[in-house]
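What follows is the residue order along each chain.
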Amino acid sequence: MMMHAQIRRLGAAGMVGLYLFASSAALAAATCGTAPDAALSVIGDHKIDFSGSGGNNSCTNKIILYNSPTVSANKGRLLQALIDTTTVNSDEECKSINTDVSGDTGVAVKADGSPAAVRPEIPFLASSSSFYVRLSTDGQLNTTNVQNLNIPASDANLNAALKLPGSGGQGSLATAGSSYVVTMPGGDYGEISVNAKTKIIFSGPVKIKTLYCTSSGGVVFAKGQNYIDEFSHSAGCPIITDPLASSDDPVVLNFLGNIPSSSIKGVQLKAGPTCINYAPASGVDCGQAQAPRAMGEQNSNNLEINVLNGALDAQAGISIAANIYVQHAGAYLGTGPFTLVGSITAAGDIGMQANNKTQFYFKSKAGGSTDMSAYSLSPPAVEKISQTGSIIYRTMQADYQADGSLGTSGHLKAFKLKSDSTQETAPLWDAADRQNVTNRNEKIRTQVAGSFGGTASDFELLSTTAAAAFTGTVGVETLTSSAAQILDPTNAAYAAKLGGRDKTALLGTPWRTNPIIVGKSVLFATDDGILYSVKAGELADGGGALNWGWIPRQLLPHTAKYADLALKHPWGQIAAITQTVKDSSDNYVTETYVVGTAMGGQVHFSIKVSADGDVLQGVSWLDDSVGKFSPGSASLAGDAAGVKAMSANWQGIAGGPSGGAAPTPAAADSGGDPLKVAYVYGDSTAGVELMVRRLDGKDASVPTAVKFKTASGGLAVLPAAAAPVVKVSSNLLYVTDDAIYFGTSSGRVERSDTTGQLVASPGDKDLLATDAILNVNGAPVASGNGSGVVLTAQTARRLTVLKYVGGTWTAPVWWTGLSASGDAESSGENVPKIVTGAGYTTKITAAPDIVNGKVIMYVTKTKVIDSCTTETKGYAFGPLDLLTGAAAPAGSTFKVTENIADNLMNLIGDGQAVGGSGTIFNGKTGVLTGSSKDTGLLAPGAGQIKQRLNWRELTNFF
């Protein structure tokens, strides 16, 4: 027999409590997204311990992970099951089985070396009510606040059995032992006690002082934020979720971590059989081992459990489908059978008490407050002359799949510009949608082994490349990939090797490699190791269609493990360079080259392409210097990119730009002579070397790199150290053969010629001597003292302007930026400060632009709204006068019709500020600034300086 009642709380006090709760909830996002990368994740240097106890220390048939080949923890912090106390038998390592691959026998679970990030503290909202309800074993309903209890007359069956002897007494439900269902409104409660077979359904989110879950009927929680101070759980009491809950709007249970009558902190889930948001297969209860198919059918994304204090102690015989976060401690999981579908992230160790049919089925979670759409980390690519309706191109990545689960994918999207220079919301096309396995097989190439002739035969179809090319040593491993894996990563046979990549995605993520326009094509590179060329223009004209793809031969073995390759970010920056030279018949011809860097600067290259960028014409040269890397190939704390780059994998050099600068041509007119390019590479002990060579590869002799030399001819020591090391940390600004400028990791700007001979330096006076210079830029000036340059040198938190005129340095002229604590500061009252704001974290996130003698900086501000929501906005700060640093809003516009913001903080849009690209839009000269989600033209008024040295497409990596 089942009886159903509705408990309604009346009275002013109850309504006020509900109203306040609803109001506070409305200020927060609907849910907190945990967004884990694995079934098990720990924060910091904590461990995940599979080793077990009590003799059950073999993983075979004892611990199994499904769809989680890695766990998020530092290397060496994953303790596999042991055969004895000293050795690990590889056959007994815990296995991960890919459920998408039929008959998969599993791979050993490894730590990915990337522990989970610390999350903002989750606030706890306590109940303000003492109202309590106790549903006891003999079917009695007890309350000392009878006046707050209203049983509507329409519930005749329950009314007939209910007796209310008077105020302060108790009412009894006549049929003892029956299964009751009692619906209660959302709001504040004192104590809820659920015993016997009674089920309580909360129709809205609740805050409860003490909850006893002791009934086999269990508790049904409503979607939204629920808060429980004290929680007592008994074996067999299920926790059930609102049927309307979803990935976007789940049930969230926030446990403060108190246990009634106990000094222990945390949440204890007692031995089962107990179902937590879990519906087992027919004939199986939650205390038994669950089949993979049944686990796959569970919806773990509609329940989040947050343990705010103490540990999670989940005992044997429990099946859970949820994403669990333990804020300040660890998690200790049952002796088995124990099943978790979803994930656990903990700030302490995660351990197995004794292994016996312990199973984890990873289903990633994208929270409702998480933006699941694609976003960009690089500036827009735009033609030098543009107008309303012109097409821009943006490399973008998505971190979530269509179903809301984690899965990265790469995109190049084309957008039209609106009249205000912002991008249209809907793209014209996405190059990811224009690729298929057939055209990838027909058009993706690698360079041939051996020497090059500068012709199309320097490339071969990847599908025809010898199998031996795909095997090589990567770190300490010998890895083997294949053409098929690269050309068709969506094939189910390779699913286990893709890590967190969307299994349906043909393109890897583009990270921070800037796209470039070459004639009628757009070129971009992605973390799958491939440089792509696709058609530019309207969809009807073939826009987005694949022209060709090229993956350097050196990268082929690395593709065996896409997850590792993507973490390394194999591409630096690329640039297009054109030169006009005389051919053998003394006629002038224009040639187009694409230069770039890969593998953190181990590989630099120049390849020749057609004027429209749609045909590969040959390899001019390829410098493969094993063990040498370029600035930007490794991250440094607080770098401009704000992310981890290659340091843990390529062992590269800290600096900028992200991934390594492309070879840089001289900015000055070559006078018709063949162009030369310069780049630097090296290692942290032998020093960085300078390479200068012809763009077309037709040097009279094989070029060699040179070390930097002091004025006396000795090897440079910058800064003073025992080893002769020039610690170059920025791109090169190659002006002429006698003037190459660059920044160092000690906060200095240096000037060299093409032989590596250093000339007078401004030293490190008033620069950030402890901060590496990540990029340099500049513009020419002339004065009574002679000609020279004005340089910008930007670190992770400061922009400094210097002058070199008539052989004399002025350093600094002015500066503005952020202190180590994040406060705004500048060199004087006439130099504006970046506006930070209370509660915001402010960072400089892209290299500055110079146009019309004005400087534009890029700033990102983030603010934690609550435990579930973080606001991120990208701004263009400026314009600032290049010569004085003063605010220069006069004659300037932003987004065509807007005045420059009074505080110079011009909002580009949501997401990170990612830099800009020079263009003349509807007749206005400016920079098309970009955030992760939008664009806007900042057009400074005319100034004394009409150009910058690197104002051309070939140096778009700044």
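Once a new chain begins, its residue numbering starts again from 1 and follows that chain's sequence as written. Confidence filtering applies because this is a predicted model: local features only for residues at pLDDT of at least 70, side-chain atom pairs given and counted only at 80 or more, and all residues used for totals across whole chains, interfaces and linings. Values reported for side chains reflect all heavy atoms of the structure, with hydrogen atoms and water molecules removed beforehand.

A. Representation of the overall build of the protein chain within the structure. Looking only at helices and strands, the protein chain has 6 helices and 68 strands in total. Here the protein chain holds 958 residues, and 57% of them are scored as buried. The contact definition used throughout considers only heavy atoms, calling two residues in contact when any of these lie within 4.5 Å. For the protein chain, restricting intrachain contacts to residue pairs at least 6 apart in sequence, the fraction spanning at least 24 positions comes to 57%. Here, Shrake-Rupley sampling with a 1.4 Å probe gives the accessible areas, and only protein chains in the shown set may cover a residue. Carbon and sulfur atoms provide 51% of the accessible area of the protein chain, an area that totals close to 35,300 Å². A run of DSSP states H or I qualifies as a helix once it reaches four residues; a run of E qualifies as a strand once it reaches two. Both are numbered from the N-terminal end. Burial classes follow relative accessibility: with a 1.4 Å probe on protein chains only, a residue under 20% of its type's maximum area counts as buried, one over 50% as exposed, and anything between as partly exposed.

B. The arrangement of unusual backbone geometry in detail. A cis amide bond, omega 5 degrees, links Gly 878 with the succeeding residue Pro 879. Secondary-structure assignment places Pro 879 in strand E62 (residues 869–881). With a phi close to 55 degrees, Met 599 is a non-glycine residue in the positive phi region. Secondary-structure assignment places Met 599 in the loop between strand E43 (588–598) and strand E44 (603–609).

C. Structural detail: the environment of Phe 360. Relative to the helices and strands, Phe 360 resides in strand E29 (residues 358–362). Judged by relative accessible area, which is 0%, Phe 360 ranks as buried. Note: C-alpha distance between Phe 360 and Met 295 (65 residues apart in sequence) is 9.0 Å. If we ignore the near neighbours within four places in the chain, the residues touching Phe 360 are Ala 39, Leu 40, Ile 63, Ile 64, Leu 65, Tyr 66, Leu 333, Phe 338, Leu 340 and Met 352.

D. Spotlight on the nonpolar core. Among buried residues, the Ala, Val, Leu, Ile, Met, Phe, Trp, Tyr and Cys ones that are joined through side-chain atoms within 4.5 Å form a nonpolar core. In this structure, Leu 40, Phe 50, Phe 202, Phe 221, Ile 350 and Phe 360 are the most contacted members of the largest nonpolar core, which totals 60 residues. In terms of residue count, strand E25 (residues 318–326) provides more of this core than any other element does, 5 residues in total. Ala 414, Phe 459, Leu 462 and Met 599 belong to the second-largest nonpolar core, a separate cluster that totals 49 residues.

E. Molecular detail of the sheet that holds strand E67 (residues 924–931). Strands are treated as partners if at least two bridges between them are detected by DSSP. Taking strand neighbours across the sheet as the criterion, the 6 strands line up as E30-E66-E67-E68-E63-E64 in an open arrangement whose pairing is mixed. Because the sheet does not close on itself, it has two edges, and the strands there are strand E30 (385–386) and strand E64 (898–899).

F. Inspection of the confidence of the model for the protein chain at higher detail. Per-residue confidence from the prediction method is given by pLDDT, with values spanning 0 to 100. Overall, the predicted model of the protein chain reaches an average pLDDT of 80, with 79% of residues at or above 70. Here residues 83–91 scores under 50 on pLDDT; set against residues more than four positions off or in separate chains, the count is 9 contacts.

G. Up close: the side chain of Asp 753. Here Asp 753 is to be found in the loop between strand E54 (749–752) and strand E55 (775–783). In this count, Lys and Arg are taken as positive residues and Asp and Glu as negative ones, while His and the chain termini are left out. Any carboxyl oxygen of Asp or Glu that lies within 4 Å of a side-chain nitrogen of Lys or Arg is treated as forming a salt bridge with it. For the buried Asp 753, no salt bridge is present, and the opposite-charge side chain at shortest range is Lys 709, 5.9 Å distant. Definition of a polar contact: a pair of N or O atoms within 3.5 Å, with one able to donate and the other able to accept a hydrogen when the atoms are protein atoms, and with sequence-neighbouring residues admitted only if both atoms are side-chain atoms. Of note is the side chain of Asp 753, whose polar atom sits 2.9 Å from the backbone nitrogen of Gln 757. If near-sequence neighbours (up to four positions away) are discounted, Asp 753 is found in contact with Leu 690, Asp 737, Asp 738 and Ile 740.

H. A look at the packing of aromatic side chains. Ring pairs are drawn from Phe, Tyr and Trp, using the six-membered ring of Trp, whenever the two centres fall within 6.5 Å, and their geometry is named by plane angle: stacked under 30 degrees, edge-to-face over 60, tilted for the rest. Within the structure shown, the criterion is met by 18 aromatic pairs. For the ring pair Trp 550 and Phe 605, a centre distance of 4.9 Å and an interplane angle of 80 degrees mean the geometry is edge-to-face. Taken together, the positions of Trp 550 in strand E41 (residues 546–550) and Phe 605 in strand E44 put the pair 55 residues apart, joining distant regions of the chain. In this structure, Trp 550 and Phe 605 share a single accessibility class: buried. Linked through ring pairs, Phe 459, Trp 550, Trp 571 and Phe 605 together constitute an aromatic cluster. The criterion is that NZ of a Lys, or CZ of an Arg, lies within 6 Å of the ring centre and within 35 degrees of the ring normal, and then a charge sits over that ring. One cation-aromatic arrangement involves Arg 693 over Trp 621; the distance from NZ or CZ to the ring centre is 4.1 Å.

I. Representation of the state of the cysteines. We call a pair of cysteine sulfur atoms a disulfide whenever their separation is within 2.5 Å. Under the criterion given, the structure shown has 2 disulfides. Across the disulfide from Cys 213 sits Cys 237; the S-S distance is 1.9 Å. Given an S-S torsion of about -85 degrees, the disulfide between Cys 213 and Cys 237 has left-handed geometry. Residue Cys 213 is found in strand E16 (residues 206–213), and its partner Cys 237 is found in the loop between strand E18 (224–233) and strand E19 (239–241); the two are separated by 24 residues along the sequence. On the basis of relative accessible area, Cys 213 is assigned to the buried category, the value being 1%. Here Cys 275 is linked by a disulfide to Cys 286, with a sulfur-sulfur distance of 1.9 Å. Here Cys 275 and Cys 286 share a disulfide; its torsion about the S-S bond, 105 degrees, makes the bridge right-handed. Remark: Cys 286 occurs in the loop between strand E22 (274–276) and helix H3 (292–296) and Cys 275 occurs in strand E22; sequence separation between them is 11 residues.

J. Representation of the pairing of strand E15 (residues 199–202) in the model. Residues Ile 200 and Phe 202 point to one face of E15 and are all buried, whereas Lys 199 and Ile 201, pointing to the other face, are not buried. Both E15 and strand E17 (residues 219–221) contribute to a ladder of 2 bridges, which runs parallel. Note on E17: the bridge partner recorded for Ile 200 is Val 219.

K. Representation of the pairing of strand E31 (residues 391–400) in the model. The buried count for E31 comes to 9 of 10 residues, which makes it a mostly enclosed element. Both E31 and strand E32 (residues 406–416) contribute to a ladder of 9 bridges, which runs antiparallel. Each residue of the ladder has a partner; that of Thr 395, found in E32, is Leu 412.

L. Spatial organisation of the sheet that holds E41. Within the open sheet, the 6 strands sit side by side as E35-E34-E41-E40-E39-E38. Their pairing is mixed. Looking along the sheet, the strands with just one partner apiece sit at the ends: strand E35 (459–461) and strand E38 (516–518). Neighbouring strand axes in the sheet, compared pairwise and without regard to direction, differ in orientation by 30 degrees on average. A fitted line through C-alpha atoms serves as each axis, taken over the contacting stretch for helices, and the angle formed by two N-to-C directions is quoted from 0 to 180°.

M. Seen up close, the pattern of salt bridges. The full count for this structure, using the stated rule, is 19 salt bridges. Between Arg 293 and Glu 297 there is a salt bridge, and its shortest N-O distance comes to 3.8 Å. Its relative accessible area of 70% is what places Arg 293 among the exposed residues. Across the pair Lys 608 and Glu 591 runs a salt bridge, and its minimum N-O distance is 3.8 Å. Here the residue Lys 608 occupies a position in strand E44, and Glu 591 occupies one in strand E43, the gap between them amounting to 17 residues. A network of salt bridges, in which partner residues are shared, links Lys 628, Glu 689 and Lys 707.

N. Expanded view of the environment of Ser 630. Tracing the chain through its elements places Ser 630 in the loop between strand E45 (616–624) and strand E46 (631–634). The spatial distance from the C-alpha of Ser 630 to the C-alpha of Gly 601 is 4.5 Å, given a sequence separation of 29 residues. Beyond its immediate sequence surroundings of up to four residues, Ser 630 is in contact with Gly 600, Gly 601, His 604, Ile 653, Val 680 and Tyr 681. Only 3.1 Å separates the side chain of Ser 630 from the side chain of His 604, close enough to count as a polar contact. Engagement of the side chain of Ser 630 in a polar contact is seen with the backbone oxygen of Val 680, the distance being 2.8 Å.

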